Amino acid sequence: MGLSSRLLWLTILFVMIAEVLIFVPSVANTRIRWLQDRLNTAAAAALVIDGVNEMELPQPIQNDALMATGTKAIVLHKDGTSRMIASADMPPIVTHYYDLSAVTPLSAVRDAFDTILFGGDRIIRVEGLVGDNPDMVIELVLEDAPLRHAMLIYGRNVFLLSVLISVITASLVFFSITRMLIRPVQRVTENMKAFTEDPENPNNIIIPSPPVDELTAAEGHLADMQTRLQQTLKEQRHLADLGLAVSKINHDMRNILTSAQLMSDRLAMIDDPMVKRFAPKLLRTIDRAVSYSSEVLAYGKAREAKPRRRFLNFAALAREVTEIVAEETEADINYVLDIDETLEIEADSDQLFRVIYNLVRNAVQAFASDPSDDPALVRRITLSARRTGSVVEIRVSDTGPGLPARARENLFQPFRGSARSGGTGLGLAIARELVLAHGGSITLDDSVSQGTAFCIELPDQPVPIDGYRARA
């Protein structure tokens, strides 16, 4: 059974329950009103007869009075005296007595259901005040079959009316809620089903209705979620395609780099000052490339290897980075190293090299993308570092044009955080991943008004307490 069908039947049920709650006091009131009408009719006839004479009425006239009121006997109690107004030849035996002048709501309901369930063949005696005069009471003896019949007809009519009201109310509620609730929910459900089957199809993104209530607002949120999910899926597919392509390139590049490594070893044996100057740098660069090509992007894995931390001289590493970048770009940039020559950092040499290299190279590319060609502009990249206790703070800053707003919003996000057209944003993403692997942090210094500055904090590797106790 669907939601709309259940809603229809529940509405009918609830209206019927409400009608039942109304029916109970109303049927009790119907009984009281039926008996009161008989008392009023009998009281009117009794007052007329009582005012005419004090003689006993002939039996034919009494029968007419009894037939008119539908009773077996009529007694008028007035000023402390009682007078039999009319009576059948053989007055029946009374089985139940009711005083309408002292009826409570609970007793009225109880007597009404007693009449409906067990009445029909009983003789009852009923009395009540004549008007508001407490000294005048009218008393009737009658069968309860007509009363029960009248109550059953009333109950049947109330039941049929309740069913009619329930159906009409349920139909109105059903069509209203179907239009306002069920149809929008069905629309959202069908859209979610279609989107699940083909999440990359732009036509499956729901078109939200104008926001007027919670459901249309939910449609708007669903549309935003589907749009973002499609973008994420596209990026994931892009990453998967990129990973497959890089894996293929990595397979062949490793062989090429191995050959280049052999040739560079032979080149280092040549007795030439220029060769001796650049050969060590070339060898270290090729060694890093071979090592990285062997470790990164293994089958089914695109995570960086765990850092192999050792103490290294950061000034020497920073100097090597700037020399390689300067040779690669040949740009007119001033490199400033504000680093103590004795500063040591506990880190993976190759991974820290890649972090600093990516940051410096990004700064160089920022200068290259600057449309201004004013020769008076200062183009400077500064690398500084200092140790505070067991933490080393590294700062890479430049005097370039700075990061655009889009790059700041998607900082460290692959394919989103690029600061230049055609960039991938992988440099910052890789740098962040390597820094986090060392237990450190990398942030953009927002206090810099000109250029860009990144701050890196690298803590030393903690000493295991078990090893410390073993040495103690």
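Residues numbered from 1 in each chain as written. Predicted model: local features only at pLDDT ≥ 70, side-chain atom pairs only at ≥ 80, totals over all residues. Heavy atoms only, no water.

Some remarks on the overall build of the protein
Then comes step 1: Along its length, the protein carries eleven helices and twelve strands.
Then comes step 2: The buried share among the 472 residues of the protein stands at 36%.
Then comes step 3: Sequence-distant contacts, at least 24 apart, represent 66% of the contacts inside the protein between residues at least 6 apart.
Then comes step 4: For the protein, the exposed area adds up to about 28,500 Å²; of that, 59% sits on carbon and sulfur atoms. (Helix = DSSP H or I, 4+ residues; strand = E, 2+ residues; numbered from the N terminus. Buried < 20%, exposed > 50% of the residue type's maximum accessible area, 1.4 Å probe, protein only. Contact = heavy atoms within 4.5 Å. Areas by Shrake-Rupley, 256 points an atom, 1.4 Å probe, with all protein chains shown as cover.)

Some words on the pattern of salt bridges
Then comes step 1: Considering all chains together, one arrives at eleven salt bridges under this definition.
Then comes step 2: Between R122 and D144 there is a salt bridge; the shortest N-O distance is 3.3 Å. Of this pair, R122 sits in the loop between α3 (105-118) and β4 (123-130) while D144 is found in the loop between β5 (133-143) and α4 (145-197), placing the two residues 22 residues apart along the sequence.
Then comes step 3: A salt bridge links E139 to R125, with the nearest nitrogen and oxygen atoms 3.1 Å apart. Separated by 14 residues along the polypeptide, E139 in strand β5 and R125 in strand β4 bring together distant segments of the chain.
Then comes step 4: The exposure class assigned to E139 is buried, which follows from its relative accessible area of 11%.
Then comes step 5: When its relative accessible area of 26% is taken as the criterion, R125 is described as partly exposed.
Then comes step 6: Among the charged side chains, a salt-bridge network with shared partners connects D114, R122 and D144. (Salt bridge = Lys/Arg side-chain N within 4 Å of Asp/Glu carboxyl O.)

Remarks on the sheet that holds strand β12 (residues 452-459)
Then comes step 1: Strand order in this open sheet of five strands is β7-β9-β10-β12-β11, and the pairing throughout is mixed. A single partner strand is all that each edge strand has here, and the edge strands are β7 (334-339) and β11 (441-444). Neighbour-to-neighbour, the strand axes of the sheet open up by a mean angle of 15 degrees, direction not taken into account.
Then comes step 2: Direction of pairing for strand β10 (residues 391-398) relative to β12: antiparallel, over a ladder of eight bridges. Residue pairing for β12: V391 is matched across the bridge by P459.
Then comes step 3: Helix-sheet contacts for helix α7 (residues 314-329) involve β7, β9 (380-388) and β10, and the interaxial angle to β7 is about 175 degrees.
Then comes step 4: Against the sheet, helix α10 (residues 426-437) contacts β11 and β12, and its axis sits at roughly 140 degrees relative to β11. (Pairing = 2+ DSSP bridges. Axes fitted to C-alpha atoms, helices over the stretch in contact; angles between N-to-C directions.)

Quick word on α10
Then comes step 1: Spanning twelve residues, α10 covers 16 Å between terminal C-alpha atoms, matching the ideal 16 Å at 1.5 Å per step.
Then comes step 2: Turning to α10, its buried residues are G427, L428, A429, A431, L434 and V435.
Then comes step 3: Tucked inside the fold, the buried residues of α10 contact α8 (349-368), β11 and β12.
Then comes step 4: Of the residues one or two after α10, G439 is the one with positive phi, at around 80 degrees. (Expected span 1.5 Å × (residues − 1).)

Section: α3
Then comes step 1: Relative to the 20 Å expected for 14 residues at 1.5 Å per residue, α3 spans 20 Å between its end C-alpha atoms, a close match to the ideal helical length.
Then comes step 2: All of the buried residues in α3 are S107, A108, D111, A112, T115 and I116. On an axial view of α3, the arc spanned by its buried residues comes to 165 degrees, and they lie on one face. In α3, those exposed residues whose orientation departs by more than 90 degrees from the buried face are L106, R110, L117 and F118.
Then comes step 3: Of the residues one or two after α3, G120 is the one with positive phi, at around 115 degrees. (Arc of directions from axis to C-beta.)

Things to note about the confidence of the model for the protein
Then comes step 1: Scored by pLDDT, the protein comes out at a mean of 78, with 76% of its residues at no less than 70.
Then comes step 2: Low pLDDT (under 50) marks residues 297-301, which in the prediction has three contacts with non-local residues, meaning those over four places away or in another chain. (pLDDT = per-residue confidence, 0-100.)

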